[in-house]
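Examination of the molecular architecture
Now for the letters of each chain:
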Amino acid sequence: MKKSVFLLLSILLIACKKDDVDDKPHDVAIAEIQKVVTTYQQDFSDKMDNKPIGIGLYVLEGDKGFYVSEGFPESYKEHIQFRIASNSKTFTAAAILKLHQEGKLDINHKITDVIPTTQKPYIPATENFNIPYKNQITIKTLLQHRAGVFDVTNSLIPENLQVPYAGDYYIDYIKEINGEDYTFSFEELIGVVAETQLKDFEPGVAFHYSNTGYNILGYIVENVSGKRLHEYLQDEFFIPLNLENTYSPHLGSDMQMPLPYTFSYLNHEGEIVEIDKDNLTGNISEGQIISTPKSLAKWGKALLGSTKVLTPEVQAMMLDALPADESHGFYGLGIQAYPTELGYGHDGAHMAYLSTMRYEPNSDRTFVIFTNHLNVETTETFINEATALYDILIETMRILDEKK
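Only a predicted model underlies this, so the values are computations on that prediction, with no experimental measurement involved.

**Let's talk about the overall build of the protein chain**
- A tally of helices and strands in the protein chain yields ten helices and 13 strands.
- A compact globule built from 404 residues should have a C-alpha radius of gyration of about 22 Å, and the protein chain, at 23 Å, falls within 12% of that.
- Oriented by its inertia axes, the alpha-carbon framework of the protein chain measures out at about 90 × 55 × 35 Å.
- Classification of the 404 residues of the protein chain by burial places 52% in the buried group.
- The long-range fraction of contacts in the protein chain, counting pairs at least 24 apart against all pairs at least 6 apart in sequence, stands at 68%.
- Working note: accessible area of the protein chain is about 18,300 Å², and carbon and sulfur atoms make up 51% of it.
- Within the protein chain, the 57 negative side-chain charges are centred at a point lying 11 Å from the centre of the 33 positive side-chain charges.

Structure follows, in structure tokens:
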């Protein structure tokens, strides 16, 4: 009996020692990653007049994750909420592709074609949708930012046009007249392009990032599914995938960040502005979603590293990327692609958050990194800090690969 007990204890002791040895490299890796994040956070804070700037990094390895941060309250951990900005495009693209694989639409259809099994076109034949080249634009070119649709969100309306908002950003102009809590609609935003007849190029010939192109996609999701976009995302993605604390604001009055969060900071022309409220209805379908590092990582894994959302065939379509521009590298269907360095995902930038979500298939790791500031004092400072998030991810990948 004593021998049996001794043998059992010996086996347990060996197992525990083995686990300790196996875990140690990973603990060392996390400690090294923490040092990297701390170094960059200090640099960010120094350049933002020592405001409470933070960096949060969540890494999902298979089904297990860890979180490191600097500058944020420790108690918030990976549940801190932030505006994911253009990472929202991955949700809109996934909605379109899910409807495609269900046979409810065809991404190769033109937007003036009829929705399958109905007599209803994807967009109505009304003035608000009379955009340039509408008879040539396909759903796929919208997903790729290759439809030539003028970007109302990021572009000044030319001063020479005979419209009251000429020389302004349309969204800012409307908020100034109607108040910060004004609720924008797809029809209104798309209608600006119809009214002005602004365009970038003929569909399919080039890449130009267009939030308004994604507004058209959001409208199509609603028209095909019969649900408001925020309802579709909740029913099809947020709830089934258990993406906690992830939601899509759809009213102009829904401006307050939910807890737990921190203020964000915008450096514009040397003036630092503190922000915790924002009306995102002007960004519906392309930049409106609020989430957490953990939930956004779960989304990246579900979308790009599993078949929970899309079939392998449709996933491959999503990741089939073409050359884009300097800021976006290669772009597929709502996805940026850097397969040899960062994997697949998207970036986000909105007052005043900067973020990156990436899935790296070779290691089966998903990364989400964000900071609660935008430094747009100059174009150079913005590019440098966006690149810094990439540098942190590349360094994190290297450390994890070396310590495994």
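**A closer look at a negative patch on the surface**
- A cluster of like negative charges, contributed by Glu-159, Asp-168, Asp-172, Glu-176, Glu-180 and Asp-181, occupies part of the molecular surface.
- Residue Glu-180 is classed as partly exposed on the basis of its relative accessible area of 48%.

**Section: the sheet that holds strand β9 (residues 336-338)**
- If you walk across this open sheet you meet the eight strands as β2-β1-β12-β11-β10-β9-β8-β7, and the pairing is antiparallel. Each end of this open sheet is capped by a strand with a single partner; those strands are β2 (64-70) and β7 (322-323).
- Relative to strand β11 (residues 353-360), strand β10 (residues 343-350) is paired through seven bridges, and the arrangement is antiparallel. From the neighbouring strand, Tyr-344 faces β11, where its bridge partner is Tyr-359.

**Remarks on helix α9 (residues 312-319)**
- Buried within α9 are the following residues: Val-314, Gln-315 and Met-318. The arc enclosing the buried residues of α9, seen along the axis, measures out at 105 degrees, which places them on a common side.
- Residues of α9 that are buried make contact with α2 (88-101) and α8 (293-304).

**Remarks on the pairing of β11**
- Most of β11 is tucked away: eight of the eight residues are buried.
- Taking every second residue as pointing to the same face, both faces of β11 are buried, with Tyr-353, Ser-355, Met-357 and Tyr-359 on one and Leu-354, Thr-356, Arg-358 and Glu-360 on the other.
- The sheet contact formed by β11 and strand β12 (residues 365-371) spans seven bridges and is antiparallel. Bridging across to β12, Glu-360 finds its partner in Arg-365.
- From the end of β11 to the start of β12, which pair antiparallel, there are four residues, and Asp-364 there has a positive phi angle of about 55 degrees.

**Quick look at the sheet that holds strand β13 (residues 373-375)**
- Across the sheet, which stays open at both edges, the three strands sit in the order β5-β4-β13 with mixed pairing between neighbours. Among the strands making up the open sheet, the edge pair consists of β5 (271-275) and β13. Direction aside, the axes of adjacent strands within the sheet are offset by 15 degrees on average.
- As defined by bridge partners, strand β4 (residues 264-268) adjoins β5 across five bridges and the pair is classed as antiparallel. Opposite Ser-264, over in β5, you have Ile-275 as the bridge partner.

**What to know about the side chain of Asn-223**
- Position of Asn-223 among the secondary structure elements: in helix α6 (residues 211-225).
- Polar contacts involving the side chain of Asn-223 include one to the main-chain carbonyl oxygen of Pro-121, which spans 3.0 Å.
- The residues contacting Asn-223, other than those within four sequence positions of it, are Ile-115, Lys-120, Pro-121, Tyr-122 and Ile-123.

**Describing the pattern of salt bridges**
- This model, assessed by the stated rule, comprises 14 salt bridges.
- For Lys-89, the salt bridge is made with Glu-286, and the minimal N-O distance between the two is 3.8 Å. With Lys-89 in helix α2 and Glu-286 in the loop between β5 and β6 (290-291), the pair connects residues that are 197 residues apart, well separated along the chain. For the pair Lys-89 and Glu-286, one class covers both residues: buried.

Conventions and cut-offs
Residues numbered from 1 in each chain as written. Predicted model: local features only at pLDDT ≥ 70, side-chain atom pairs only at ≥ 80, totals over all residues. Heavy atoms only, no water. Helix = DSSP H or I, 4+ residues; strand = E, 2+ residues; numbered from the N terminus. Rg over C-alpha atoms; globule rule 2.2 N^0.38 Å. Buried < 20%, exposed > 50% of the residue type's maximum accessible area, 1.4 Å probe, protein only. Contact = heavy atoms within 4.5 Å. Areas by Shrake-Rupley, 256 points an atom, 1.4 Å probe, with all protein chains shown as cover. Lys, Arg positive; Asp, Glu negative; His and termini not counted. Charge placed at Lys NZ, Arg CZ, Asp CG, Glu CD. Patch = residues over 30% accessible without salt bridge, like charges linked within 9 Å, V, L, I, M, F, W, Y side chains within 5 Å. Salt bridge = Lys/Arg side-chain N within 4 Å of Asp/Glu carboxyl O. Pairing = 2+ DSSP bridges. Arc of directions from axis to C-beta. Axes fitted to C-alpha atoms, helices over the stretch in contact; angles between N-to-C directions. Polar contact = N/O pair within 3.5 Å; in protein donor to acceptor, adjacent residues only side chain to side chain.

Remember that the coordinates give geometry; whether it matters functionally is a separate question.
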